[in-house]
Amino acid sequence: MARQFFVGGNFKMNPNSQESSFALVEALNTAKLDSATEVVIAPPSLYLLSLKAKLRKDVQLAAQNAYFKSSGAFTGEIRQISIGLSNPSQLLDAGIPYVILGHSERRTLFHETSEIVAQKTRTALDTSLKVILCIGETLAERESGRTAAVCEEQLKAAVAVLKEADWSNVVVAYEPVWAIGTGKVATSAQAQETHADIRTYLSKAVSPAVAASTRIIYGGSVTASNCKELSTQPDVDGFLVGGASLKPEFVDIINAKLKE
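It should be emphasised that the depicted structure is a prediction, and the values quoted were computed from it without experimental measurement.

### Some remarks on the side chain of arginine 56
Part 1: Along the chain, the position of arginine 56 falls in the loop between helix H2 (48–52) and strand E3 (59–63).
Part 2: Within polar-contact distance, the side chain of arginine 56 engages the backbone oxygen of leucine 28 at 2.6 Å.
Part 3: Side-chain polar atoms of arginine 56 contact the side chain of aspartate 58, separated by 2.6 Å.
Part 4: Setting aside residues up to four positions removed in sequence, arginine 56 forms contacts with Leu28, Asn29, Ala31 and Leu33.

This is the structure:
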């Protein structure tokens, strides 16, 4: 089964002004982008609505996080869950189709467990949102040979609460923690090996059909200089891009599969 290539841009807490965010969108709006690649950007929540009004229609938006409660005293959180037709998910109501969940910065800095990430994922899918589900190992875990085990452990909680049909709305993002924002990057062989391990796990834990159709994308210091080689790997279905999504080279990464 052919899997559509996917490139996401995670702006994190950038840029530092609305004007700068408009400039990033304008660069995408005027660029020639590979029409065969699904493109999603995740700006800070404060900019989601203003960018939605300006962004070209073939590029989608994602929130960087969302909570699993329907309402209440949860300062700073965004509601995913719908409360009847008259009170929809805040993201759905705003026309934001995707949400990033389980990013390593959320897991390490904000102590989100795999069970919490799974609960958020279940809630997002119940609300017709699509999920970019992040997993990945630390340097110590890689050096101890536990990469596959760690990725399986992080996915196991999601597998336990998702139905087979849910996986059509999940993109798995493998992001080795040691490569995020460090300038280090997994070699194409390392990325392929881990992506293949993830696909094998999904085949056993969910079904061969889900394993074959689920997109598994790579994140971790992806740049214009390394994206083409990474994109040739059979189990690398795209990228989740951090710092480079704020630079002109993001267009080159989106176009990684285009023939020159």
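### Focus on the packing of helix H7 (residues 147–161) against helix H8 (residues 188–205)
Part 1: One way to put it is that H7 packs onto H8 with a least axis distance of 10 Å and a crossing angle of 40°. Comparing the axis directions of H7 and H8 gives the class oblique. Where H7 crosses over H8, the two elements pack in a sense that is right-handed. In contact with Thr147, Ala148, Cys151, Glu152, Leu155, Lys156 and Val159 of H7, H8 contributes Thr194, Asp197, Ile198, Tyr201 and Ala205.
Part 2: Across the contact of H7 with H8, the residue classes break down as seven nonpolar, two polar and three charged.

### So, the packing of helix H5 (residues 114–126) against H7
When two helices pack together, their arrangement is captured by the angle between the axes and the distance separating the axes.
Part 1: At their nearest, the axes of H5 and H7 sit 8 Å apart, and the two run at 40° to each other. Considered as vectors, H5 and H7 are oriented oblique to each other. In this structure, H5 crosses over H7, and the sense of that crossing is right-handed. On H7, the residues touching Ser114, Glu115, Ala118 and Arg122 of H5 are Glu153, Gln154, Ala157, Ala158 and Val161.
Part 2: Residue composition of the contact of H5 with H7, grouped by class: four nonpolar, two polar and three charged.

Rules and cut-offs
- Numbering of residues starts from 1 in every chain and runs along the sequence as written.
- The model is predicted, so local features are restricted to residues of pLDDT at least 70 and side-chain atom pairs to those at 80 or more, both for listing and for counting; the totals for chains, interfaces and linings are taken over all residues.
- The side-chain figures draw on all heavy atoms in the structure; neither hydrogens nor water molecules are used.
- By the criteria applied, helices consist of DSSP H or I runs no shorter than four residues and strands consist of E runs no shorter than two, each listed in order from the N terminus.
- Residues adjacent in sequence count toward polar contacts only when both atoms are side-chain atoms; beyond that, a polar contact is any pair of N or O atoms within 3.5 Å, and within protein one must be able to donate a hydrogen and the other to accept it.
- Here a residue-residue contact requires only that any non-hydrogen atoms of the pair lie within 4.5 Å.
- Under this scheme, a helix contributes an axis fitted over its contacting stretch, all axes are lines through C-alpha atoms, and angles between N-to-C directions fall in the 0 to 180 degree range.
- With respect to orientation, any angle under 35 degrees is reported as roughly parallel, any angle over 145 as roughly antiparallel, any angle of 65 to 115 as roughly perpendicular, and every other angle as oblique.
- Two helices cross in a left-handed way if the nearer one is turned anticlockwise from the farther one by less than a right angle. They cross in a right-handed way if the turn is clockwise.
- Put simply, Ala, Val, Leu, Ile, Met, Phe, Trp, Tyr, Cys and Pro go in the nonpolar bin, Asp, Glu, Lys and Arg in the charged bin, and everything else, Gly too, in the polar bin.

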